[in-house]
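This is what each chain is made of:
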Amino acid sequence: MMKSLLAIFLAAILTENYILNKFLGICPFLGVSKKLDTATGMSIAVTVVMVISTAATWPIYTYVLVPLNLAYLQTIVFILIIAALVQFIETVLKKYIPALYNALGIYLPLITTNCAVLGVTMLVIEKGQADPSFGFIQSLVNAFGSGIGFLVAMVLFAGVRERIENNDVPKCLQGLPITLVAASLTAVSFLGFQGIVDKMLG
Amino acid sequence: MMNEILIPILIVAGIGLLCGLILAFASIVMAVPKDEKAETIRELLPGANCGACGFSGCDGYAKALATGESKPGLCPVGGAAVAKSISAYLGCDSGEMEVKVATVHCLGSYDNTSNKAEYEGIETCAGAAAVAGGPASCQYGCIGLGDCVRACQYNAVSVCNGVARIEPTRCKACSMCIKACPKHLISFIPAKKQAVVRCTNCDKGAQTNKVCKIGCIGCMKCEKTCTHDAIHVKNFIAEVDPQKCTGCGECVDVCPRHCITLFDSNL
């Protein structure tokens, strides 16, 4: 059991990285990765929202939508729940952890429209349909791993971008073009992890 | 048939209602009391959100004032009156406040300069300046498409005969026009009687003479005439030190190019 959970966790970070492998959540990846501290803050917020929204959407899908034959409403219901959740988390943070609220600032409401969060909640359900042993716990671990994968990609790329800042980039490539080139190279490097988790854990 | 439509509607509406209720409940239970001090100070500030105080806007400045991070008197738009009311509210010293006004350092009207090219692009100075430095013959001079006019919230700037002009009595020193001018022709001067050089052309005299009838050629006549050591020619352009200038007008009389004018904000 533990071994399979670890495999799910590692796979979510390395081989199924949401940014570098599934190309979801590219907007914060390019927008917020300029500085290391904001990148870390954003990623932690995304991780928290991913886990909580998976914990909320999975039971609703399994125990409300499926019995009523309403699985096709998945997208719209999930968006609704995620939006409300983010708003709720914002209210809670504002009241109890104002320091974190100020540090996250505009990023927290932006997560509402982050496709990586919606992607995680929908893909764990797809996985559950393909493999019946992939239940609620596995979904949560997968969501947590996806968030950590998001963090890894953001932090790595923040480092890459800081290196780019200090270099002499040709004028035609300055700004977004060189960032996109760097992003694609980082993504290609992550393809190298393909199969590593299965080999490692049998 | 109806059920197939009704049930999904009810389910989604129910989830939405539930989420809404939870959020409404949470916002009441976990309401954060607003900083009343900052709110009151925000009411006292003019609300121009120009950023001239160095903060992101009036809200940022009000917050800094409420926490004691900043002092009253940084708001040029509100001026002394606002500084006084805020310091009265906070119970601290308002401090000295220098009154400044923005002024345009160019007199290159259509009569004095010519156009080296016809510009038919978008009607902004920034756009025109991007095309080979703008259509005016003088590369330092006013383009006259009115970026500063649009930037001003107080109707203090007008473009007259191809050159911008700022009405000193209306100017609130918010620095929006200074930021808008692509030629950096506008700057702050103290609101007192003084001589102002209305030119920024720092080319050599002969070159300036070719492009503008009224541009400063750096002849040094003003510098030699001034008895207060207030005007100096640097880089072929005269510069007035407003601290030393008494507004006697001797340099104005002696300038062969008539590009020095006597400024008086009370006029």
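As a starting point, this report considers the structure included with it. Because the structure is predicted, anything quoted here is derived from the model rather than measured.

1. A closer look at the pairing of strand 7 (residues 237-240) of chain B
Residue and element names in this part refer to chain B. Summarising the sheet, strand 6 (residues 231-234) and strand 7 pair through four bridges and their orientation is antiparallel. Residue pairing across strands places I231 opposite V240, the latter belonging to strand 7. As consecutive antiparallel partners, strand 6 and strand 7 are separated by two residues, and within that stretch N235 has a phi angle of approximately 55°, a positive value.

2. Remarks on the pattern of salt bridges
Scanning the entire structure with this criterion turns up five salt bridges over all chains. Among the ionic pairs, K127 of chain A bridges to E16 of chain A, the shortest N-O distance being 2.5 Å. One end of the pair, K127 of chain A, is in helix 7 (residues 115-130); the other, E16 of chain A, is in the loop between helix 1 (2-13) and helix 2 (26-31), and 111 residues separate them in sequence. In this structure, the salt-bridge partner of R42 of chain B is D59 of chain B, at a minimum N-O distance of 2.9 Å. A residue pair is termed long-range when its members are at least 10 positions apart, and R42 of chain B in helix 2 (residues 36-44) and D59 of chain B in helix 3 (residues 58-66) qualify at 17 residues.

3. Focus: helix 4 (residues 74-96) of chain A
End to end, helix 4 of chain A covers 32 Å across 23 residues, agreeing with the expected 33 Å (1.5 Å per residue, within 8%). Turning to helix 4 of chain A, its buried residues number three or more, namely Q74, V77, F78, I81, I82, A84, L85, V86, I89, E90, T91 and L93 of chain A.

4. A few points about the pairing of strand 1 (residues 100-104) of chain B
Within a regular strand, the side chains alternate between the two sheet faces. All names here are of chain B. Across the five residues that make up strand 1, a large majority, four, are buried. Relative to strand 4 (residues 186-190), strand 1 runs antiparallel, the two being bridged by five bridges. The partner of K100 across the bridge, within strand 4, is P190.

5. Some details on the packing of aromatic side chains
Residue and element names in this part refer to chain A. Under the defined criterion, the tally for this structure stands at six aromatic pairs over all chains. Here the aromatic rings of F190 and F193 are separated by 5.2 Å at their centres, their planes lie at 75°, and the arrangement is edge-to-face. Taking relative accessible area as the criterion, F190 reaches 4% and is therefore assigned buried. A connected cluster of aromatic rings, assembled from ring pairs, spans W58, Y63 and F136.

Cut-offs used in this document
- Residue numbering note: each chain is counted from 1, following its sequence as written.
- The order in which chains are written sets their letters, starting at A; the order in which ligands are written sets their numbers, starting at 1.
- Two thresholds apply to this predicted model, a pLDDT of at least 70 for residue-level local features and 80 or more for giving and counting side-chain atom pairs, whereas whole-chain, interface and lining totals are computed over all residues.
- With hydrogens and water set aside, each side-chain value is computed from the structure's full complement of heavy atoms.
- Pairing between strands is defined by DSSP: at least two bridges between them are needed.
- Only DSSP runs of H or I with at least four residues qualify as helices, and only runs of E with at least two residues qualify as strands; both kinds are numbered from the N terminus onward.
- Only one rule defines a salt bridge in this text: a Lys or Arg side-chain nitrogen within 4 Å of an Asp or Glu carboxyl oxygen.
- An expected span of 1.5 Å times one less than the residue number is assigned to each helix.
- Remark: exposure states derive from per-residue accessible area (1.4 Å probe, protein chains only) relative to the maximum for the residue type, with buried under 20%, exposed over 50%, and partly exposed in between.
- Centre distance within 6.5 Å is the pairing criterion for rings of Phe, Tyr and Trp, where only the six-membered ring of Trp is used; planes under 30 degrees apart are then read as stacked, over 60 as edge-to-face, and the remainder as tilted.

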